[in-house]
Amino acid sequence: DLASLATSTKDNAMLKELGTNKAEYDKMISLCGMKWMDVFDIFPSLSGQVTLSFLLSSMKMNHPRSYSIASCKACVGSEIDLVVGSFFFSRGGSKIEVGVCSNFLTNVTFGDEITFKI
């Protein structure tokens, strides 16, 4: 378990609490989840302690994102118009994070060609 890999007493105790107290866990990830990079920022004693094998076996598989198709194939042919909202969030600190795909798509310039699968 992740708590056993923490080298500081504080990180170990907090990870154990999150692993056994669903309300505290839900509170911590309520905004939009938690990325592995965040885990290492929040629990610095895990750095250098977590193996690649542990990470890969613990990560969820990426899942497709849903965006709204805003065009009619009969009207635009092979083009697709999407409605995508920017996603900005903070986990309580000063660092502002963005959704990876939504940020990419909202920064595309009008007329840029993007290849993707539907």
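Residues numbered from 1 in each chain as written. Predicted model: local features only at pLDDT ≥ 70, side-chain atom pairs only at ≥ 80, totals over all residues. Heavy atoms only, no water.

1. Side note on the overall build of the protein
So, step 1. Of the regular secondary structure elements, the protein holds six helices and four strands.
So, step 2. From first element to last, N terminus to C terminus, the protein shows the α and β order α-α-α-α-β-α-β-β-β-α.
So, step 3. Residue burial in the protein is summarised as follows: out of 118 residues, 17% are buried.
So, step 4. Pairs at least 24 apart in sequence give 42% of the contacts found in the protein among residues at least 6 apart.
So, step 5. When the accessible surface of the protein is split by element, carbon and sulfur atoms take 58% of a total near 9,300 Å². (Helix = DSSP H or I, 4+ residues; strand = E, 2+ residues; numbered from the N terminus. Buried < 20%, exposed > 50% of the residue type's maximum accessible area, 1.4 Å probe, protein only. Contact = heavy atoms within 4.5 Å. Areas by Shrake-Rupley, 256 points an atom, 1.4 Å probe, with all protein chains shown as cover.)

2. Some details on the environment of Ile 96
So, step 1. For Ile 96, the position within the fold is in strand E4 (residues 96-98).
So, step 2. Ile 96 has contacts with Phe 88, Phe 89 and Ser 90, leaving out every residue within four places of it along the chain.

3. Some points on the packing of helix H1 (residues 9-20) against helix H2 (residues 22-29)
So, step 1. As a packed pair, H1 and H2 sit with axes 5 Å apart at the nearest point and diverge in direction by 105 degrees. The pairing of H1 with H2 is recorded here as roughly perpendicular in orientation. Of the residues in H2, those touching H1 at Met 14, Glu 17, Leu 18 and Thr 20 are Lys 22, Glu 24, Tyr 25 and Met 28.
So, step 2. Considering only residue class, the contact of H1 with H2 consists of four nonpolar, one polar and three charged. (Axes fitted to C-alpha atoms, helices over the stretch in contact; angles between N-to-C directions. Parallel < 35°, antiparallel > 145°, perpendicular 65-115°, else oblique. Nonpolar A, V, L, I, M, F, W, Y, C, P; charged D, E, K, R; others polar.)

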